[in-house]
Amino acid sequence: MIKAIDFHCHLDLYPDFEKIIQKCEDDKIITLAVTTTPRAWKKNFELMNSCKFVRPALGLHPQLIKEFSGEIELLISLIPECKYIGEIGIDGSQPYRDSMVLQKTIFNRILDESRKNGGRIFSIHSRNAASDVLDCIENNLEAGKFVLHWFSGTKREVERAITLGCWFSVGPAMLDTKKGLELAKLIPKEKLLTETDGPFAMLKKESLKPGEVKFAEEIIGGMWKKNRIETLNILIENLNSLLK
Ligand code: MN
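Computed from a predicted structure; not experimentally measured.

K.L.:
Could you give me a rundown of the packing of aromatic side chains, with the residues and numbers involved?
P.N.:
Think of a pair of aromatic rings as described by two things: how far the centres are apart, and how the planes are tilted against each other in angle. Taken as a whole and assessed by the stated rule, the structure comprises four aromatic pairs. Note on Phe122 and Phe146: the rings are 5.5 Å apart at their centroids and 15 degrees apart in plane angle, and the pair reads as stacked. You can see Phe122 sitting in strand β5 (residues 120–125) and its partner Phe146 sitting in strand β6 (residues 144–149), a full 24 residues away along the chain.

K.L.:
Account for the pairing of strand β7 (residues 167–170), with residues named and values stated.
P.N.:
Along β7, one buried face is formed by Trp167 and Ser169 and the opposite face, lined by Phe168 and Val170, is buried too. Where β6 meets β7, three bridges bridge the pair, whose relative direction is parallel. Bridging from a neighbouring strand, Leu148 pairs with Phe168 of β7. Following the chain from β6 across helix α7 (residues 155–163) to the adjacent parallel β7, one finds a crossover that is right-handed. Direction of pairing for β7 relative to strand β8 (residues 192–194): parallel, over a ladder of three bridges. Looking at β8, one finds that Ser169 is bridged to Leu193.

K.L.:
I'd like a rundown of the sheet that holds β5, residues and numbers included.
P.N.:
Ordered in space as β1-β2-β3-β4-β5-β6-β7-β8, the eight strands form an open sheet in which the pairing is parallel. On the outer flanks of this sheet lie β1 (4–9) and β8, each paired with one strand and no other. Geometrically, the sheet is characterised by an average inter-axis angle of 25 degrees between neighbouring strands, direction not taken into account. Across the sheet, helix α10 (residues 214–224) is in contact with β1, β7 and β8; its angle to β8 comes to roughly 155 degrees.

K.L.:
Break down the packing of helix α5 (residues 100–116) against helix α6 (residues 130–139) for me, citing the residues and quoting the values.
P.N.:
It is the contact of α5 with α6, at a shortest axis distance of 10 Å, that shows an interaxial angle of 30 degrees. Here α5 is positioned roughly parallel relative to α6, judged by the angle of their axes. Of the two elements, α5 crosses α6, and the hand of that crossing is right-handed. Facing Met100, Lys104, Phe107, Asn108 and Leu111 of α5, the residues of α6 in contact are Asp132, Val133, Cys136 and Ile137. For the contact of α5 with α6, the residue count by class is six nonpolar, one polar and two charged.

K.L.:
So what about unusual backbone geometry? Which residues, and what values?
P.N.:
That bond from Gly86 to Glu87 is cis: its omega, 10 degrees, falls within 30 degrees of zero. Residue placement: Glu87 occurs in strand β4 (residues 84–89). The phi dihedral of Asp16 is positive, around 60 degrees, even though this residue is not glycine. Mapping Asp16 onto the fold places it in the loop between β1 and α1 (17–26). Even without a glycine there, the phi angle at Lys225 is positive, about 55 degrees.

Parameters and conventions
- Residues numbered from 1 in each chain as written.
- Predicted model: local features only at pLDDT ≥ 70, side-chain atom pairs only at ≥ 80, totals over all residues.
- Heavy atoms only, no water.
- Phe/Tyr/Trp six-rings, centres within 6.5 Å; stacked < 30°, edge-to-face > 60°.
- Helix = DSSP H or I, 4+ residues; strand = E, 2+ residues; numbered from the N terminus.
- Buried < 20%, exposed > 50% of the residue type's maximum accessible area, 1.4 Å probe, protein only.
- Pairing = 2+ DSSP bridges.
- Right-handed = clockwise from strand over helix to strand, strands pointing away.
- Axes fitted to C-alpha atoms, helices over the stretch in contact; angles between N-to-C directions.
- Contact = heavy atoms within 4.5 Å.
- Parallel < 35°, antiparallel > 145°, perpendicular 65-115°, else oblique.
- Left-handed = near helix turned anticlockwise from the far one by under 90°.
- Nonpolar A, V, L, I, M, F, W, Y, C, P; charged D, E, K, R; others polar.

See below:
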């Protein structure tokens, strides 16, 4: 029985990485362990290979593309052995703007290769680049299923993402802001998942721990007028429909 869903968490960036994997397993938390460079894949995959609740994702974080673009061939070569890909996407905020063309090229390449491999499930970063990310998705709809993590676009961009069939993972840090909450209200109930984005994301000045989504579940439950168990059951149904 699943106790919570954390569909975007950087497990390998916590101290005691291996113990944390075991804790997610013991706590029965479905955890998508996103990675930031393709070189991190092997260890994540080996440690999670026998896990029931923790799943590894192959990634290349858009904020690291300038330094790690040389690892793109490694990422492409690993696509056949992975089911999930993240964290990938585009970041258009100031420090990363100068690599946006390269970010887009790489994002499109990953989507295209995934399509050739029969489709993958993606956890996608789109900070300050929502419309670019949605353009890439629109041009690669056969690449798989797209989960927009911590989406922070405009109302119109959310609507466009919904039309494109995207999913959304939202966490405590996002739902603790007025803008994040307003945005979450626009997401169809059947397309929503929870995440922490730990250890980067914070709630009440504390870095979120893996699976620490209770605050998000409560806000979502309030939004849907459902109790905690009903809310979790809907989130689990959503996960099942994403994975089928
Ligand atoms: Mn992240």
